[in-house]
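Each chain is listed here by its residues.
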Amino acid sequence: MPNRLWHQCLEVLRDEFPAQQFNTWLRPLQSDHREGQLMLFAPNRFVMDWVHEKYLRRIEEVLKDLNGGQAPRVGMKVGSAPRESEPVVRSELVKQDTGKRIQEESGGRVTEEEKVVAATSGGNRQAQLNEYTSNGGRRPVQVEGDIKHQSFLNEGFTFDTFVEGKSNQLARAASMQVAENPGGAYNPLFLYGGVGLGKTHLMHAIGNDIVRRNPNAKVAYLRSERFVADMVKALQLNAINEFKRYYRSVDALLIDDIQFFARKERSQEEFFHTFNALLEGGQQVIVTCDRFPKEIVDMEERLKSRFGWGLTVMVEPPELETRVAILMKKAEQTNVKLSSEAAFFIAQKIRSNVRELEGALRLVIANAHFTGSEITPPFIRESLKDLLALHEKQVSIDNIQRTVAEYYKIKVADLHSKRRTRVITRPRQVAMALSKELTNHSLPEIGDAFGGRDHTTVLHACKKIVELQETDPGIREDYQNFMRLLTT
Ligand SMILES: Nc1ncnc2c1ncn2[C@@H]1O[C@H](COP(=O)(O)OP(=O)(O)OP(=O)(O)O)[C@@H](O)[C@H]1O
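Remember, it's a predicted structure, so these values are computed and weren't measured experimentally.

Novice: An account of the overall build of the chain is requested, with residue identities and associated values reported.
Specialist: Helix and strand counts for the chain stand at 23 helices and nine strands. In the chain, which comprises 488 residues, the share counted as buried stands at 52%. The contacts of the chain with a sequence gap of at least 6 include a subset with a gap of at least 24, amounting to 74%.

Right, here's the structure in full:
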């Protein structure tokens with residue numbers, strides 16, 4: 001039966017919850033609606049428990065409203081929806097494979113847990129938790145040769161050296177869980193987000209922690225290009241079976257920047273089978289990417305769908321306090337005294353990503369060493385002169401207007417015009433708020449740049465956008481995208 005009801009419910013929830021929460025917990029759910037019962041399928045036990053605890057009540061309310069005041073019975077299961085009832089939803093919603101297909105592709109063994117939760121009735125939570133424990137034994141690991149794959153891990157990237165903030169809290173917590181219990185509830189773990197935000201760091205931290213807990217664990221870390229190169233070499237040398245055996249023998253496979261698999265069909269195919277074999281064997285897979293799985297272009301649907309079976313978590317750009325904390329931590333690691341005033345000054349100037357933030361700090365420290373100076377805001381301004389000039393040059397009002405117009409598919413001239421329809425005023429307000437945040441122009445200067453508007457109009461726009469970011473997940477997501485587009 002078509003899942004129109006669930007589709008409509010998702011559309012409502014999409015507007016109610018922040019994009020990260022929606023993408024992590026609600027978007028991956030599949031549904032099957034028949035005979036007055038709506039069954040929701042979660043990719044794993046953890047997601048099921050979380051949804052059950054945090055969102056189910058709201059889901060039921062929305063369904064009731066949408067269904068003319070009559071709530072369907074709602075159940076939850078770990079697994080995939082039967083094929084014929086896959087959701088007829090907007091293309092970007094996750095569409096996953098059926099249990100039947102897994103069975104065929106994984107040689108007849110279904111690995112998912114099929115325990116049903118009486119989702120509506122509150123149920124006995126302890127009993128539920130007890131029910132979810134069976135996931136098959138871990139396959140004994142055989143490793144080819146004596147290659148020490150741990151050596152690919154950067155030992156400096158640990159949980160201890162990773163600074164927690166609102167932007168990475170969930171990703172860090174999930175990563176720590178994976179390190180504690182590899183091959184367990186979050187398999188695969190899919191970490192995504194913009195460049196230089198700590199995805200690789202977290203991935204290594206997991207690998208390092210797995211090895212610390214179990215020195216015999218075989219952890220393979222590699223960037224996706226390396227997987228491709230290894231495979232090509234194996235094909236040339238007629239050694240593809242060894243290649244397969246090797247990658248299927250590890251306890252944890254960590255693949256960085258999976259987006260580079262785009263258009264590499266054979267590699268995707270090979271990875272798909274490796275991936276299945278590992279999940280089937282209870283071995284951990286961790287993947288990082290610069291975007292949400294569904295948004296990766298030129299990647300096979302079945303692979304993208306498989307990424308969503310475990311936990312998909314976004315790493316966001318760090319907010320000011322986290323940037324300050326990161327700088328303090330990095331300075332401490334290099335035994336450099338950095339006042340909070342100095343850290344704050346750098347963090348305010350460099351907003352793009354952590355890699356740039358580190359680069360700026362390195363530059364300041366090196367200059368301080370050479371000149372024997374104290375690290376003060378004027379000294380920092382001088383040391384980072386070129387870098388800041390570059391930033392200021394890049395983020396001009398012009399640039400903001402072009403980016404915003406392109407994003408919302410309107411003309412730059414519309415932003416200057418007197419037109420007051422919603423499709424124009426909202427982007428105009430967003431562009432004004434961005435100009436205030438990212439440039440040093442005054443309110444009257446910004447007003448001038450938007451067709452000679454009064455500075456109070458600019459002020460109103462800035463307030464409005466702050467307000468909307470609190471209440472409208474769509475605007476919040478747009479704004480974050482702009483910050484990323486304009487500052488990285
Ligand atoms: N929260 C954090 N605490 C401490 N250091 C961090 C944090 N986030 C990022 N870093 C540091 O920033 C640098 C860049 O991080 P990393 O290489 O993990 O980024 P990434 O998200 O994998 O980027 P890319 O997509 O370009 O590979 C690293 O040196 C890392 O240690």
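Novice: Which residues make up the packing of aromatic side chains, and what values go with them?
Specialist: Tallied over the full model, the rule gives 17 aromatic pairs. When the ring of F227 is compared with that of F243, the centres are 5.3 Å apart and the planes differ by 65 degrees; the resulting orientation is edge-to-face. Of this pair, F227 sits in helix α9 (residues 224–236) while F243 sits in helix α10 (residues 240–248), placing them 16 residues apart in sequence. Residue classification places F227 among the buried residues on the basis of a relative accessible area of 0%. Residue classification places F243 among the buried residues on the basis of a relative accessible area of 7%. Ring centres of Y408 and F482 lie 5.8 Å apart, and the angle between their planes is 55 degrees; on these two criteria the pair is classed as tilted. In this pair, Y408 sits in helix α18 (residues 397–408) while F482 sits in helix α23 (residues 473–487), placing the two residues 74 residues apart along the sequence. You can call Y408 partly exposed: its relative accessible area is 22%. Residue classification places F482 among the buried positions, given a relative accessible area of 0%. Grouping aromatic residues by their ring pairs yields a cluster made of F190, Y192, F227, F243, Y246, Y247, F261, F271, F275, F292 and F307.

Novice: Describe the site of the ligand, listing the residues and the values that go with them.
Specialist: Taken together, 19 residues are adjacent to the ligand, and V163, G196, T200, H201 and E358 come closest. At 2.7 Å from an oxygen atom of the ligand is found a side-chain nitrogen or oxygen belonging to E358. Of all elements in the fold, only α8 (199–213), α13 (320–333) and α15 (354–371) reach the threshold of two or more residues within the shell around the ligand.

Novice: An account of the UniProt feature "binding site: ATP" (unreviewed entry) in the chain is needed here, citing residue identities and associated values.
Specialist: Here, UniProt's "binding site: ATP" (unreviewed entry) annotation points to G196, G198, K199 and T200. Tracing the chain through its elements places G196 in the loop between β5 (189–192) and α8. Residue classification places G196 among the buried positions, given a relative accessible area of 12%. Aside from chain neighbours lying at most four places away, what touches G196 is N353, V354 and R355. One can find T200 in helix α8. For T200, a relative accessible area of 25% corresponds to the partly exposed category. Sequence-distant contacts of T200, defined by excluding residues within four places in its chain, comprise F157, Y221 and D256.

Novice: I'd like to hear about helix α2 (residues 19–26), residue by residue, with values.
Specialist: With respect to burial, α2 is a largely interior element, seven of its eight residues being buried. Inspection of α2 places A19, Q20, F22, N23, T24, W25 and L26 among the buried residues, and these make up the whole buried set.

Novice: Which residues make up the sheet that holds strand β6 (residues 219–223), and what values go with them?
Specialist: The parallel open sheet is built from five strands, whose spatial order is β6-β7-β8-β5-β9. Edge positions in the sheet fall to β6 and β9 (311–314), since each has one partner strand and no second. Within this sheet the neighbouring strands show an average axis-to-axis angle of 15 degrees, counted without direction. Bridge count between strand β7 (residues 252–256) and strand β8 (residues 284–289): four bridges; the pairing is parallel.

Novice: So, the confidence of the model for the chain: which residues are in play, and what are the values?
Specialist: Residues with a pLDDT of 70 or more make up 84% of the chain, whose mean pLDDT is 80. Across residues 84–151 the pLDDT falls below 50, and counting only partners more than four positions away or on other chains, this stretch makes 142 contacts in the model. Among the scores for the predicted complex, ipTM is 0.99 and pTM is 0.62.

Novice: Can you tell me about the pattern of salt bridges, naming the residues and giving the values?
Specialist: The tally for this structure, following the rule as stated, stands at 23 salt bridges. We note a salt bridge from D32 to R34, for which the minimum N-O separation is 2.9 Å. Given the relative accessible area of 8%, D32 is considered buried. With its nearest N and O atoms 3.9 Å apart, the salt bridge here joins K54 to E53. When salt bridges that share partners are traced, they join E16, R58 and E61 into one network.

Novice: Could you give an account of unusual backbone geometry, with specific residues and numbers?
Specialist: Cis geometry is found at the peptide bond from N187 to P188, where omega equals 0 degrees. Locating P188 in the fold gives a position in the loop between α7 (169–180) and β5. Of note, the phi angle at D257 is positive, near 55 degrees, even though the residue is not glycine. Here D257 lies in the loop between β7 and α11 (265–280). Overall, D257 belongs to the buried group, its relative accessible area being 13%. At K409, a residue that is not glycine, the phi angle is positive and equals roughly 55 degrees. Looking at the element boundaries, K409 is found in the loop between α18 and α19 (412–416).

Novice: Could you give me a rundown of the pairing of β8, with the residues and numbers involved?
Specialist: With six of six residues buried, β8 is to be regarded as a mostly interior element. Going residue by residue along β8, you find Q284, I286 and T288 tucked away on one face and V285, V287 and C289 tucked away on the opposite face as well. In terms of strand pairing, β5 meets β8 through four bridges, oriented parallel. For L191, the partnering residue across the bridge sits in β8 and is T288. With α11 bridging β7 and the parallel β8, this β-α-β connection has right-handed handedness.

Novice: Describe in detail α23, supporting the description with residues and values.
Specialist: In this model, α23 (15 residues) spans 21 Å end to end at C-alpha, consistent with the 21 Å of a helix rising 1.5 Å per residue. By the burial criterion, the buried members of α23 are P473, I475, D478, Y479, F482, M483, L486 and T487. Capping of α23 at its N-terminal end is provided by D472; its side-chain oxygen lies 2.8 Å from the backbone amide nitrogen of G474.

What counts and how
Residues numbered from 1 in each chain as written. Predicted model: local features only at pLDDT ≥ 70, side-chain atom pairs only at ≥ 80, totals over all residues. Heavy atoms only, no water. Helix = DSSP H or I, 4+ residues; strand = E, 2+ residues; numbered from the N terminus. Buried < 20%, exposed > 50% of the residue type's maximum accessible area, 1.4 Å probe, protein only. Contact = heavy atoms within 4.5 Å. Phe/Tyr/Trp six-rings, centres within 6.5 Å; stacked < 30°, edge-to-face > 60°. Near = heavy atom within 4 Å. Polar contact = N/O pair within 3.5 Å; in protein donor to acceptor, adjacent residues only side chain to side chain. UniProt positions renumbered as here; feature names shortened; annotations may be inferred. Pairing = 2+ DSSP bridges. Axes fitted to C-alpha atoms, helices over the stretch in contact; angles between N-to-C directions. pLDDT = per-residue confidence, 0-100. Salt bridge = Lys/Arg side-chain N within 4 Å of Asp/Glu carboxyl O. Right-handed = clockwise from strand over helix to strand, strands pointing away. Expected span 1.5 Å × (residues − 1).

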